[in-house]
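Read off the chains here:
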Amino acid sequence: MQGWTEGYVGGIGYIHAFYRELSPALLSFALTLRGWRPPMDLAGSFACAEIGCGHGVSSAVLAGCHPDARFEAVDFNPGHIAGAQRLAAEAGLDNAAFREESFAEYAQGGSKDLDIVTLHGVWSWVSAENRAILVDTLKRRLKPGGLVFVSYNALPGTLAYTPLRRVLVEHCADRTGPLPERIEEAVAFASRLTALNAGWFAQADALPGRLDSLKRKSPNYIAHEYLNRDWTAFYHADVARELTAAKLDFAGPAVPMEQMDELSLPPDALPLLAEARDPAYRETLRDLLTNRAFRRDLFVKGAERLTAAERRDRLRATPLAPPVPPGDLPAGFPFYNSPSPHQSVRTSRTCSSLQKKKTTRAHAVER
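Let us look at the overall build of the chain. From N to C terminus, the chain includes 16 helices and 7 strands. Taking all 367 residues of the chain together, 47% fall into the buried category. When contacts within the chain are restricted to residue pairs at least 6 apart in sequence, those whose partners lie at least 24 apart make up 80%. As displayed, the chain offers around 18,400 Å² of accessible surface, 54% of which is attributable to carbon and sulfur atoms.

What follows is the structure in structure tokens.
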């Protein structure tokens, strides 16, 4: 008999984290960069739903930042929602509702009233049946002009870690006892296998780094990231075509830096990308050229294009602030192709400096 989790890992909660990429301000900025008209006025009233919200930290923080907006946050784990409802009550958030519902239960209610729907850490970790329910929900609940954020494990980058995930799943199933202890044992066992440097392990150059990263993660993160029954990596083209059933078109990467091919691709690749006529094919080629393992995408439902003048004015009116203290900002900027040896050295130093800052700072976002 199948339990209420429908194959999703149970008995252990997810991590508490705020995901900045779900911010309406950042979503609006990313859309504007790509020339799309955002569906919401950040200073006014709009409706946002986070489906698969975990502990609801992101929706709670964003509801506090946008008191005139309405937020719905849904998760089928009662432990997650109980904590989220307590947080909302303590913070006095009367514009946020946290609901303990499955995707199917959530799909049964509501009208076409949502400006934004976010699906972070959901698409790759649920069954095809549940993805179909999500597509139907987007079709029925999202307003014309509305925006969808979806993240997922991407191909081809995820291929390198698929055998590791299988070892973790099978080793945890092969043991008894509390799940956190079994997860720690599984990671340690995978490290011992890697040390043999035999077969697939001898060819997986990135595996030691991934294992070192997992050793620093909590069992809660590893359980929800790797141990679900349904775990699928996607080519971008397949996700884009699946979402056409909800009348959604790809609008661009949600991460602004990932919109700039000149910073991530060799110059010779740009004319090859231009030969791809289908946008979904073009994005899939980008992933092949960058070996991307995780995507954060924006899709729109009949959104309007901005004129060049409107886009320029909106970008000029966007307030910007450095994510680190001004004294920590690097002197140079890391371009893929540097025009001079001097700039190449400077770029190398900049990348090294940025990498050190990444490894020494604690980030809330683990995925």
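Phe71, Phe98, Leu168, Leu214, Leu227 and Leu298 are the most contacted members of the largest nonpolar core, which totals 59 residues. The element contributing the most residues to this core is helix α7 (residues 179–196), with 6 residues. In contact with Leu298, other than residues within four places in its own chain, are Leu27, Ala30, Leu31, Leu147, Val148, Phe149, Asp249, Phe250, Ala251, Gly252, Pro253 and Ala254. Membership of the second largest hydrophobic core comes to 30 residues, among which are Ala49, Ile51, Ala237 and Phe299.

Looking now at unusual backbone geometry. In this chain, Leu155 is followed by Pro156 through a cis amide linkage whose omega measures 15°. Structurally, Pro156 is set in the loop between β5 (142–153) and α6 (162–173).

This structure, assessed with the given rule, holds 26 salt bridges. Across the pair Glu101 and Arg99 runs a salt bridge, and its minimum N-O distance is 3.2 Å. When its relative accessible area of 19% is taken as the criterion, Glu101 is described as buried. Residue Arg140 is joined to Asp136 by a salt bridge in which the shortest nitrogen-to-oxygen separation is 3.1 Å.

This brings us to the side chain of Ser58. Along the chain, the position of Ser58 falls in helix α2 (residues 57–65). Of the residues examined, Ser58 reaches a relative accessible area of 3% and is grouped as buried. In contact with Ser58, other than residues within four places in its own chain, are Ala17, Phe18, Tyr19, Leu22 and Glu50.

Each aromatic ring pair is summarised here by two numbers: the centre-to-centre distance and the angle between the ring planes. Applying the stated criterion across every chain yields a total of 4 aromatic pairs. Here the aromatic rings of Trp200 and Phe201 are separated by 5.0 Å at their centres, their planes lie at 70°, and the arrangement is edge-to-face. Overall, the relative accessible area of 29% leaves Trp200 in the partly exposed class. Ring centres 5.6 Å apart and planes at 65° place the aromatic pair Phe250 and Phe299 in the edge-to-face group. In this pair, Phe250 is assigned in strand β6 (residues 249–253) and Phe299 in strand β7 (residues 294–300), connecting sequence segments 49 residues apart. Looking at Phe250, the relative accessible area reads 15%, which means it is buried. Directly above the ring of Tyr161 sits Arg210, whose terminal nitrogen or CZ lies 3.6 Å from the centroid. Between the NZ or CZ atom of Lys217 and the centre of the ring of Tyr221, over which it lies, the distance is 5.1 Å.

Bringing the environment of Arg37 into the picture now. The residue Arg37 is located in the loop between α1 (24–33) and β1 (47–51) in this model. Each C-alpha atom of the pair Arg37 and Arg305 lies 5.8 Å from the other, and the pair is 268 residues apart in sequence. For Arg37, the contacting residues outside a window of four places in its chain are Ala303, Glu304, Arg305, Leu306, Glu310 and Arg314. One polar contact links Arg37 to Glu310, side chain to side chain, over a distance of 3.0 Å.

Within a regular strand, the side chains alternate between the two sheet faces. Bridging between strand β2 (residues 70–75) and strand β3 (residues 96–100) involves 5 bridges; their strand directions are parallel. For Ala73, the partnering residue across the bridge sits in β3 and is Phe98.

A few words now on the sheet that holds β7. Taken in spatial order, the 7 strands line up as β3-β2-β1-β4-β5-β7-β6 in an open sheet, and their pairing is mixed. In the strand order of this sheet, the two ends are held by β3 and β6, each with one partner. Averaged over all adjacent pairs, the angle separating strand axes in this sheet is 20°, with direction ignored. Packed on one face of the sheet, helix α3 (residues 78–91) meets β2 and β3 and runs near 160° to β3. Contacts from helix α11 (residues 236–243) reach β5, β6 and β7 within the one sheet, and its direction differs from that of β7 by about 30°.

Time to look at the environment of Ala73. Within the fold, Ala73 resides in strand β2. A residue is classified by how much of its surface remains accessible, and Ala73, at 0% relative accessible area, is buried. Sequence separation between Ala73 and Ala96 is 23 residues; the distance between their C-alpha atoms is 7.5 Å.

As a further point, take the pairing of β6. With 4 of 5 residues buried, β6 lies mostly within the body of the structure. By the bridge criterion, 4 bridges tie β6 to β7 in an arrangement that is antiparallel. Bridge pairing links Asp249 to Val300 in β7.

With 18 residues, α7 extends 26 Å from end C-alpha to end C-alpha; this agrees with the ideal 26 Å at 1.5 Å per step. All of the buried residues in α7 are Leu179, Arg182, Ile183, Ala186, Val187, Ala190, Ser191, Leu193 and Thr194. One or two residues past the end of α7 sits Asn197, with phi positive at roughly 55°.

Parameters and conventions
- Residues numbered from 1 in each chain as written.
- Predicted model: local features only at pLDDT ≥ 70, side-chain atom pairs only at ≥ 80, totals over all residues.
- Heavy atoms only, no water.
- Helix = DSSP H or I, 4+ residues; strand = E, 2+ residues; numbered from the N terminus.
- Buried < 20%, exposed > 50% of the residue type's maximum accessible area, 1.4 Å probe, protein only.
- Contact = heavy atoms within 4.5 Å.
- Areas by Shrake-Rupley, 256 points an atom, 1.4 Å probe, with all protein chains shown as cover.
- Core = buried A, V, L, I, M, F, W, Y, C linked by side-chain atoms within 4.5 Å.
- Salt bridge = Lys/Arg side-chain N within 4 Å of Asp/Glu carboxyl O.
- Phe/Tyr/Trp six-rings, centres within 6.5 Å; stacked < 30°, edge-to-face > 60°.
- Lys NZ or Arg CZ within 6 Å of the ring centre and 35° of its normal.
- Polar contact = N/O pair within 3.5 Å; in protein donor to acceptor, adjacent residues only side chain to side chain.
- Pairing = 2+ DSSP bridges.
- Axes fitted to C-alpha atoms, helices over the stretch in contact; angles between N-to-C directions.
- Expected span 1.5 Å × (residues − 1).

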